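Chain residues, written in single-letter form:
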Amino acid sequence: MGFKEVDVKDLDFNPFKKIGDEWMLITAGDEKKFNTMTASWGGAGVLWGKNVATCYIRPQRYTKEFVDANDTFTLSFFPAEYKKALSLCGSVSGRDCDKVAQAGLTPYFLEGTASFEEASLIFICRKVYEDAMPPENFIAKENDEKWYPQKDYHTMYIGEIVKAFVKEY
């Protein structure tokens, strides 16, 4: 089994289900060193005439160092049976352990960046924008207290989806 490249416009992709309910892994780095984290916040759409995906990373997350240091990152989506693996990837740090091995995932490298063999869909994203999310920019002020009690505000990343791959079965 491998992956085949597809046109992102041909995908049956519901971001509310795929990101919000099923979650995704944000991964950056290469065959020498990479890290991944689970995310349930993000989006997909069109910006500046490009197909894009957004993701959000808190400053203390180890994966942020890899996203910041690389031009590309991947967003990987998995079948339902991998929910436990994604839960683990969101609850332990790659600084402290080999969470990929603990989660039972197999690194898979495409276009010079990291993803996973078990994924059913992979977006390779080239960073086109990033910005901090400071509390003074919150319109809904209650979000500061609800989501940021430690004042560890996310950085938003927008990546152009340069390639999409689906698992071949």
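Quantities reported herein were computed from a predicted structural model and do not represent experimental measurements.

1. Some points on helix α2 (residues 62–69)
Consideration 1: The complete set of buried residues in α2 reads Tyr 62, Thr 63, Lys 64, Phe 66 and Val 67.
Consideration 2: On its buried side, α2 packs onto β2 (24–29), β3 (34–39), β5 (50–57), β6 (72–77), β9 (121–132) and β10 (155–167).

2. Quick word on the packing of aromatic side chains
Consideration 1: Under the counting rule described, the total for this entry stands at 14 aromatic pairs.
Consideration 2: For the pair Phe 13 and Phe 123, a centre-to-centre distance of 5.3 Å together with 55 degrees between the ring planes defines the contact as tilted. With Phe 13 in the loop between β1 (3–6) and α1 (15–21) and Phe 123 in strand β9, the pair connects residues that are 110 residues apart, well separated along the chain. Like Phe 13, the residue Phe 123 is buried in the burial classification.
Consideration 3: Ring centres 5.9 Å apart and planes at 50 degrees place the aromatic pair Phe 78 and Tyr 82 in the tilted group.
Consideration 4: On the accessibility criterion, Phe 78 (3% relative accessible area) is buried.
Consideration 5: Classification of Tyr 82 as partly exposed rests on a relative accessible area of 23%.
Consideration 6: Here a set of aromatic residues connected by ring pairs shows up, and it is made of Phe 34, Phe 78, Tyr 82, Phe 109 and Phe 116.

3. What about the nonpolar core?
Consideration 1: In terms of nonpolar packing, the biggest core is built from 23 residues, with Ile 26, Phe 73, Leu 75, Phe 77 and Phe 123 touching the most fellow members.
Consideration 2: Counting only elements with at least two residues in this core, the list comes to β2, β3, β5, α2, β6, β9 and β10.
Consideration 3: The element contributing the most residues to this core is β10, with four residues.
Consideration 4: Ignoring any residue separated from it by four or fewer positions in sequence, one finds Phe 73 in contact with Ile 26, Thr 27, Ala 28, Cys 55, Val 67, Thr 113, Phe 123, Ile 124, Cys 125, Lys 127 and Gly 159.
Consideration 5: Ala 85, Val 100, Leu 110 and Ile 124 belong to the second largest nonpolar core, which has 17 residues in total.

4. Side note on the UniProt feature "domain: Flavin reductase like" (unreviewed entry) in the protein chain
Consideration 1: In the UniProt entry, the feature "domain: Flavin reductase like" (unreviewed entry) is given for residues 23–167.
Consideration 2: Secondary structure content for residues 23–167 is 18% helix and 45% strand, while the C-alpha to C-alpha distance between its ends is 17 Å.

5. Comments concerning the pairing of β6
Consideration 1: Of all six residues making up β6, five are buried, and the element is well covered by its neighbours.
Consideration 2: In this structure, β2 lies alongside β6, joined through three bridges in antiparallel fashion. Looking across to β6, one finds that Leu 25 is bridged to Ser 76.
Consideration 3: Of the pairings in the sheet, the one linking β6 to β9 comprises six bridges and is antiparallel in character.

Criteria and cut-off values
Position numbers for residues count from 1 along each chain, tracking the sequence in the order it is written. Side-chain atom pairs in this predicted model are given and counted only at pLDDT of 80 or more, local residue features only at pLDDT of at least 70, and totals for whole chains, interfaces and linings cover all residues. Neither water nor hydrogens contribute to the side-chain values; these are computed over all heavy atoms in the structure. With a 1.4 Å probe rolled over the protein chains alone, any residue whose accessible area is under 20% of its type maximum counts as buried; one over 50% counts as exposed, and the rest are partly exposed. Starting at the N terminus, helices and strands are each numbered in turn, a helix being any DSSP run of H or I of at least four residues and a strand any DSSP run of E of at least two. In this analysis, two residues are considered to be in contact whenever any of their non-hydrogen atoms come within 4.5 Å of each other. Any two of the Phe, Tyr and Trp rings considered here, Trp counted by its six-membered ring, make a pair once their centres fall within 6.5 Å; the pair's planes then place it as stacked at under 30 degrees, edge-to-face at over 60, or tilted in between. Side-chain atoms within 4.5 Å are what join buried Ala, Val, Leu, Ile, Met, Phe, Trp, Tyr and Cys residues into a set we call a nonpolar core. UniProt positions are given in the numbering used here, feature names are shortened, and annotations may be inferred rather than shown by experiment. One bridge is not enough; two strands pair if DSSP finds at least two bridges between them.

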